[in-house]
Amino acid sequence: MPISSKFISNKVEKKWYSFWVKNNFFDSKPDSRDPYTIVIPPPNVTGVLHMGHMLNNTLQDILIRRARMKGYNACWVPGTDHASIATEAKVVEKLKKDGIKKSDLSREEFLKYAWKWTAEYGGIILDQLKMLGCSCDWKRTKFTLDDKMSDSVIKVFIDLYNKGLIYRGYRMLNWDPKAQTTISEEEVLYEERDSKIYHIAYKMSDSEEKIVVATTRPETLLGDTAICINPKDKRYSHLTGKSVLIPIVERKVPIIKDDYVDIDFGTGCLKVTPAHDFNDNILGEKYNLEIIDIFNPDGTLNQNGLHYVGQDRFVVRKKIVNELKEKGLLIKEEKYKHNVAISERTKVVIEPRLSKQWFLKMEDLAKPAINSVLKSHDIKLVPEKFVNTFKHWMENIKDWNISRQLWWGHQIPVYYYGKDFSNYVVASSKEIALEEAIKKTKNPKLSMDDLEQDNDVLDTWFSSWIWPISVFDGILNPDNPEINYYYPTQDLVTGPDIIFFWVSRMIISGYEFRKEKPFSNVYFTGIVRDKMGRKMSKQLGNSPDAVKLIKTYGADAVRVGLMLSSNAGNDLLFDETLCKQGKNFANKIWNAYRLFDGWKIEKSLKSDEINIIAIDWFKNLSYKIIEKVEYHFAKYRISDALMTIYKFIWEEFCSWFLEVVKPNQNNLIDEKTKNEIKEIFETNLKLLSPFMPFIAEELWHLISKRETDQALINSSWPEVDSYDKKIIDDFELVKKIIVAIRNFRKEKSIGFKQKLKLKSSSKINPKYIEIIKKMGGIESIEEYKHIKNENYISFHTGNIEFFISSSFIKIDQENEKKKIKIELDYSIGFLNSVEKKLSDKKFTSNAPKKVVDMEKKKKNDIELKISLLKKALSKLA
RNA sequence: GGGCGCUUAGCUCAGUUGGUUCAGAGCACUUGGUUUACACCCAAGGGGUCGGGGGUUCGAAUCCCUCAGCGCCCACCA
């Protein structure tokens, strides 16, 4: 049956999608129009569409489609991110399954696999975006490892290096022993875990006295180079200047004093391992302590590990605890909950590790970005609350570690040469590097073989932070017309979880490389959760299959479902029933079209008065609604904009307007009216099209034969016009009267087929009488001021009372009385409160006149209503 | 520990500068419906002391204080 099922078959969707693509409706080239640009947050190249993407990209598509219709040169640039650590981890996993170890491969061999993988899985996600209806300019699709994109990244590195902003440092960083790379602070998750805190006795070097330290990581004692106490701690003051022997290692290390140690925590005595703890490292620097690294990159013990060499860190922890127990040095072992640093990608415990890395100085670079968001407001964050988050991070910004010990990515353009390769040059290619090295060394005999490129690659975000510029080739060719036309872009839609990773850094790079913001507005979506509030994840299996959703409900319905649940910035609880709601809505619109389509034009007919009035009302209402929709868009309240349109179409258009203008049985309608209704229908489709582009385009072509260039996607967005508020208000009253009639019918069990003769206490605007008659099943309405006949029963709406001959209605007198009394009591109470307010001088003298007048009007209205009720009551008695 | 935010109907959430329209919407629910566009529907209806307490004000969901619960971000004490 369901004709609407054509909208979930994907056939219609495919038809229109290829129509749009074929006719280049998504394409953009610089021209005389104003640009409206969005660059997509590039998803991981090997990723699969999830709910977050769907939400995010639906929003972008709504914005871009509306802008396109508004006459902007709309350009939505799609692309994917090479996602170095995530992709490399996936490739390593895949190889492992095939029995290949990464360590057995050369860099070139590994990269060959990685590219093969990318070719195989890359782009899947872009196809999925197409299913969703995303109107990206696909000809502009970029990949962060494309040649030009890579060249841009290298150019930026060299430029920053030449400006003195990039340096090499020996730093303690978060080390991922599984991926064997450093990871940034932002890629570390903290998880509260049950672990143990151990109290270990260290013997003094010159006596039998023992000092007890507390630690969660006993295995690191192999790298201890000091013991630290608080200078104010009297318990240990006699140990000043002495030294202890580390258990097992029997190394003699000094006792140092520092305020850093908390007297009340543990034993008040801290073991210091400068090579394996961030804070200990600071102490080490301060007191010039020896640094002893005990781990290999993979988390096993290195040559400093004594008899534990080659064993895993967690195995060694257990063994050391046992050894200490045997030696009687383990004083206590207690349960302890603490936060453990976990790698976001590989989920292994992070190891703080000292290593040589490349850094970008951030403090000065951040200044214009801070200004643009906090002072000049050139960039607006929506919702505004994220300004605080942004501010805090930017004002405390740390230098950015941009090197990663991976292969998949942009290899750092640094070339080492000379003795032990201790000198280096920074250059865009090995050839240039050689020239420079020759210049520097004044040794013309240097050859390519004497140069070795840095093994590391750049952090993924070091390519995406220039994304809004590089996609328009603005790094390599700063003067090209494309970048000058499209940049700065208008809106960026992304998740708040990457505000530091990406958003902040794009702002920084924008000012550094273009002297201009990258975008004007950043719309932060929420995180998609299931209806129980849990984050959607693969492990929980609570994430619906995006493609399946589209196939089940249709892309339009899924888009609506997502939009109905999404307010900016707050997390949204996604419930599949919302897609059903979207599907029902599509069905409703489809059926409205079928109804309209069934009306046959009869040329001899004249326009019905009812229709002229209804059309006049509806046109005025449309302008009011468009105004409201625009208001919501201006505030990025996309779900409110959709809900406004949803109600406008379902209630005002279908339930009221179409019911009023619907011809009687014969289905004949005059030409003028049908054409005007068609125009109204078309306006509705326009409003709908950014949200539900497929059904809107389908009906657009069904309702009227169109040439290709007259496609809805290419048409104009409805403009706001002035409207007559009185017409809208008057019609609201008409609706109220009709509802009151329907209510009365239901209450008295009078079927719709029973025509009623109505008398009203005040004059009804004759303009609307026919509409009331049609919608309420009324035979006649007359004004009738003095009802004396007791055979009448009344009901009222507002201040109008209606009378109906009660001869054919069974009336439960007692029940009627009871109901009126309840209403009367309530009204009298209400009147009293209003009168009390009005007699209070404090109120009348302090409140604005407008408010006082309003209260007076309220008083009059209630008095009138009370008199009506009393009259009705007396008639019953 | 520091910061930000949230708490309004069964559910998910709106509610701008305190004052017609402020106590709302959608969904869910209840009742009625063979009104030939649609049961993926139509018509009507019932739901809330706006987290608790206090204060400012003629007037508070809205501003201030306080308590409770929840969420997020940052820092992470061995």
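Below is a summary of the structure that appears in this document.

Calculation criteria
- Residues numbered from 1 in each chain as written.
- Chains lettered and ligands numbered in written order.
- Predicted model: local features only at pLDDT ≥ 70, side-chain atom pairs only at ≥ 80, totals over all residues.
- Heavy atoms only, no water.
- Salt bridge = Lys/Arg side-chain N within 4 Å of Asp/Glu carboxyl O.
- Near = heavy atom within 4 Å.
- Polar contact = N/O pair within 3.5 Å; in protein donor to acceptor, adjacent residues only side chain to side chain.
- Helix = DSSP H or I, 4+ residues; strand = E, 2+ residues; numbered from the N terminus.
- Nonpolar A, V, L, I, M, F, W, Y, C, P; charged D, E, K, R; others polar.
- Buried < 20%, exposed > 50% of the residue type's maximum accessible area, 1.4 Å probe, protein only.
- Pairing = 2+ DSSP bridges.
- Right-handed = clockwise from strand over helix to strand, strands pointing away.

1. Things to note about the pattern of salt bridges
Thought 1: If you walk through the whole model with that rule in mind, you get 49 salt bridges.
Thought 2: By sharing partners, the salt bridges in this structure join R217, E219, R313, R317 and E351 into a single network.

2. Concerning the protein's contact with RNA strand B
Thought 1: The environment of RNA strand B is made up of 57 residues, and the closest members are Y190, Y336, Y631, W650 and K746.
Thought 2: Atoms of RNA strand B within 4 Å of the protein: sugar and phosphate make up 59%, bases the balance.
Thought 3: Contact distances for RNA strand B include 2.4 Å between a base oxygen and a side-chain N or O atom of Y631.
Thought 4: In this structure, N743 approaches RNA strand B through a side-chain N or O atom, which is 2.8 Å from a sugar or linking oxygen.
Thought 5: Mapped onto the surface near RNA strand B, the elements with two or more residues apiece are β13 (330-343), α10 (386-395), α18 (577-597), α20 (638-661), α23 (725-747), α26 (841-846) and α27 (849-876).
Thought 6: Looking at the surface near RNA strand B, its residues break down into 23 nonpolar, 18 polar and 16 charged.

3. Focus: the pairing of strand β2 (residues 73-77)
Thought 1: Taking burial as the measure, the five residues of β2 include five buried ones, the bulk of the element.
Thought 2: Of the two faces of β2, the one holding N73, C75 and V77 and the one holding A74 and W76 are both buried throughout.
Thought 3: The pairing of strand β1 (residues 35-39) with β2 spans five bridges and is classified as parallel. Paired with T37 across the bridge in β2 is C75.
Thought 4: The parallel pair β1 and β2 is bridged by helix α2 (residues 51-69), and the resulting crossover is right-handed.

4. Things to note about the pairing of β1
Thought 1: Within β1, five of the five residues are buried, which leaves it mostly tucked inside the rest of the structure.
Thought 2: Residue alternation in β1 divides its side chains into two sets, P35, T37 and V39 and Y36 and I38, and both sets are buried.

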